[in-house]
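# Chains, contacts and geometry: an overview
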Number of protein chains: 2
Amino acid sequence: MNSTRKLIRHERLQHILHDNPFMTDEQLAKTLKVSVQTIRLDRVALGIPELRERTRDMAEGAQSKLRAIDKKDIVGELIDLELNKVGISTLKITPDMVLEKTGVARGHYMFAMADTLALAVVDAQKALTGVGNVKYKVPVYAGANLVAKAEVTRRRNDKYFICVKIKNNNEEVFRAKFIIVSLDDERKQEE
Amino acid sequence: MNSTRKLIRHERLQHILHDNPFMTDEQLAKTLKVSVQTIRLDRVALGIPELRERTRDMAEGAQSKLRAIDKKDIVGELIDLELNKVGISTLKITPDMVLEKTGVARGHYMFAMADTLALAVVDAQKALTGVGNVKYKVPVYAGANLVAKAEVTRRRNDKYFICVKIKNNNEEVFRAKFIIVSLDDERKQEE
DNA sequence: TCAGATATTATGAGCTGGTACTAAAAGCAG
DNA sequence: CTGCTTTTAGTACCAGCTCATAATATCTGA
């Protein structure tokens, strides 16, 4: 068939635009060694908009992405909090949080979720994680809705001992113990 | 002075474009009730580029942000690796990685850096973190250039014991021990 | 081998959202 | 009124397209 060349070109075109979306038809024509008109026909066939539209789409998407990052900084959604006692947060595992090779959620998301929650339950203006002790019990996959529960188990001066358990569908998938150091007062922290 | 009107318009213009960067000169002219030419002169005076350039700038910024996330997924840059022995990676702490309240780097960046590196040194197609044991020794602030070194200390069947130390300017700021479980085996899942 | 389909290239008009430049009109201050 | 700034208007030009129309190249099956 003649159209194999066309199909290959279509794939290459998509690939090139994926890597570098800021290419004009003219540049594409040169790199693919065809005429500009062919590129245009290809774009129409593949439903790829023109450079300006692509650029605009990206710019518009940018804003929501930036907000998504901000939210990622919270690492989970706080749904209940009793200062110095307990806290509960949730986090949905999305496909971009998993390891490509295994499909399993990257461990540091659970760690970050637990760490953030642990810091939140401490009633202190400034607090730092001192020591952590974590155990991954069950692998978590994309789509999981994790629920974390943190409990302050002990408190000694400026040190808070906190136990965090993360569950997915009532199954405990992760467990951590933290020692959080409060820096609230005039007193300095030591390691 | 006559130019007060101009100054007010300039401020409004910047404000409008801040809220909605996707406005053409024509739309701006209408909302500010002046001619298109006035808008152009204002843009030149204020050093504001044309719509297309603004859009492109945002899109490019978006791309680098997205790449930043991708890179965040790597969490550090691998600079040396001897499989099943040692690995070294670096990570620069940027202002967006620190807690607002304290200016101290969020703990899970160090954890993620260490965890990622630990997984990397394990010579296995698929590996998972089983247990982690971390200690934050010194707070880290924005601008720090962290260097992590991971060493496989022991190996028992499918379990790897790994010690990771993170230094900032030769000062040890973080230390972690992981047990990584390899899922490589032929008996387990395949696809 | 040759007609007909498919693929590619060429050509030209028109569009958007501008830049760059020139010039004229409007507004106001002394 | 004379000068000054400010604003508006108009023209030529550009990139990067769309849309339509037509010509050429290439292949394919009967």
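This brings us to the overall build of chain A. In terms of helices and strands, chain A carries five helices and six strands. Its helices and strands in sequence order give chain A the pattern α-α-α-α-β-β-α-β-β-β-β, from N to C terminus. Taking all 191 residues of chain A together, 42% fall into the buried category. Considering only residue pairs separated by 6 or more positions, chain A has 60% of its internal contacts joining residues 24 or more positions apart. When the accessible surface of chain A is totalled, it reaches about 11300 Å², and 49% of it is carbon and sulfur.

This brings us to the packing of helix H1 (residues 3-19) of chain B against helix H2 (residues 25-32) of chain B. All names here are of chain B. Following both chains from N to C, one finds H1 and H2 inclined at 125°, their axes separated by 11 Å at the closest point. Between H1 and H2, the interaxial angle falls into the category oblique. Considering only the axes of H1 and H2, their crossing is right-handed. Here Arg9, Arg12, Leu13, Ile16 and Leu17 of H1 lie close against H2, whose contacting residues are Leu28, Thr31 and Leu32. Partitioned by chemical class, the residues of the contact of H1 with H2 number five nonpolar, one polar and two charged.

Taken together, 17 residues lie around DNA strand C, and Arg9, Gln37 and Thr38 of chain A together with Leu51 and Arg52 of chain B are the ones closest in. When the atoms of DNA strand C within 4 Å of the protein are grouped by moiety, sugar and phosphate amount to 67% of the total. Between a phosphate oxygen of DNA strand C and a side-chain N or O atom of Arg9 of chain A, the distance comes to 2.6 Å. The contact in question runs from a phosphate oxygen of DNA strand C to an N or O atom on the backbone of Asp25 of chain B, over 2.9 Å. Looking at the surface near DNA strand C, the elements with two or more residues in it are helix H1 (3-19) and helix H3 (36-46) of chain A together with helix H3 (36-46) and helix H4 (51-74) of chain B. Class assignment for the residues of the surface near DNA strand C results in three nonpolar, six polar and eight charged.

Our focus in this paragraph is the packing of aromatic side chains. Evaluation of the coordinates by the stated rule reveals five aromatic pairs over all chains. Judged by centre distance (5.0 Å) and plane angle (70°), the rings of Tyr136 of chain A and Phe174 of chain A are edge-to-face. With Tyr136 of chain A in strand S3 (residues 127-136) and Phe174 of chain A in strand S6 (residues 171-182), the pair connects residues that are 38 residues apart, well separated along the chain. Here Tyr136 of chain A falls in the buried class, since its relative accessible area comes to 11%. For Phe174 of chain A, a relative accessible area of 0% corresponds to the buried category. Among the aromatic side chains, those forming a connected cluster through ring pairs are Phe111 and Phe178 of chain A together with Phe111 and Phe178 of chain B. Sitting over the ring of Phe161 of chain A, Arg154 of chain A keeps its end group 4.4 Å from the ring centre.

Close contacts around DNA strand D come from 18 residues, with Leu51 and Arg52 of chain A together with Arg9, Ser35 and Thr38 of chain B the closest. Here the atoms of DNA strand D within 4 Å of the protein split so that 70% fall in sugar or phosphate, with bases taking the remainder. In this structure, Arg52 of chain A approaches DNA strand D through a side-chain N or O atom, which is 2.8 Å from a sugar or linking oxygen. Taking Lys6 of chain B, its side chain carries an N or O atom lying 3.4 Å from a phosphate oxygen of DNA strand D.

All names here are of chain A. As for its placement among the helices and strands, Leu78 is situated in strand S1 (residues 77-82). The class for Leu78 is partly exposed, based on a relative accessible area of 43%. As a C-alpha pair, Leu78 and Leu117 span 39 residues in sequence and 7.7 Å in three-dimensional space. Once residues within four sequence positions are removed from consideration, Leu78 is found in contact with Ile88, Ser89 and Leu117.

Reading across from one edge, S1(A)-S2(A)-S4(A)-S5(A)-S6(A)-S3(A)-S3(B)-S6(B)-S5(B)-S4(B)-S2(B)-S1(B) is the order of the 12 strands in this open sheet, with antiparallel pairing throughout. One side of each edge strand has no neighbouring strand; the edge strands of this open sheet are S1 of chain A together with strand S1 (77-82) of chain B. Neighbour-to-neighbour, the strand axes of this sheet turn through a mean angle of 20°, independent of strand direction. Pairing between strand S4 (residues 145-156) of chain B and strand S5 (residues 159-168) of chain B: 10 bridges, direction antiparallel. In the strand pairing of S5 of chain B, Val147 of chain B is matched with Lys167 of chain B. Of the strands in this sheet, S3 of chain A together with S1, strand S2 (86-92), strand S3 (127-136), S4, S5 and strand S6 (171-182) of chain B are in contact with helix H5 (residues 107-121) of chain B, which crosses S6 of chain B at around 45°.

The rules we used
- Residues numbered from 1 in each chain as written.
- Chains lettered and ligands numbered in written order.
- Predicted model: local features only at pLDDT ≥ 70, side-chain atom pairs only at ≥ 80, totals over all residues.
- Heavy atoms only, no water.
- Helix = DSSP H or I, 4+ residues; strand = E, 2+ residues; numbered from the N terminus.
- Buried < 20%, exposed > 50% of the residue type's maximum accessible area, 1.4 Å probe, protein only.
- Contact = heavy atoms within 4.5 Å.
- Areas by Shrake-Rupley, 256 points an atom, 1.4 Å probe, with all protein chains shown as cover.
- Axes fitted to C-alpha atoms, helices over the stretch in contact; angles between N-to-C directions.
- Parallel < 35°, antiparallel > 145°, perpendicular 65-115°, else oblique.
- Left-handed = near helix turned anticlockwise from the far one by under 90°.
- Nonpolar A, V, L, I, M, F, W, Y, C, P; charged D, E, K, R; others polar.
- Near = heavy atom within 4 Å.
- Polar contact = N/O pair within 3.5 Å; in protein donor to acceptor, adjacent residues only side chain to side chain.
- Phe/Tyr/Trp six-rings, centres within 6.5 Å; stacked < 30°, edge-to-face > 60°.
- Lys NZ or Arg CZ within 6 Å of the ring centre and 35° of its normal.
- Pairing = 2+ DSSP bridges.

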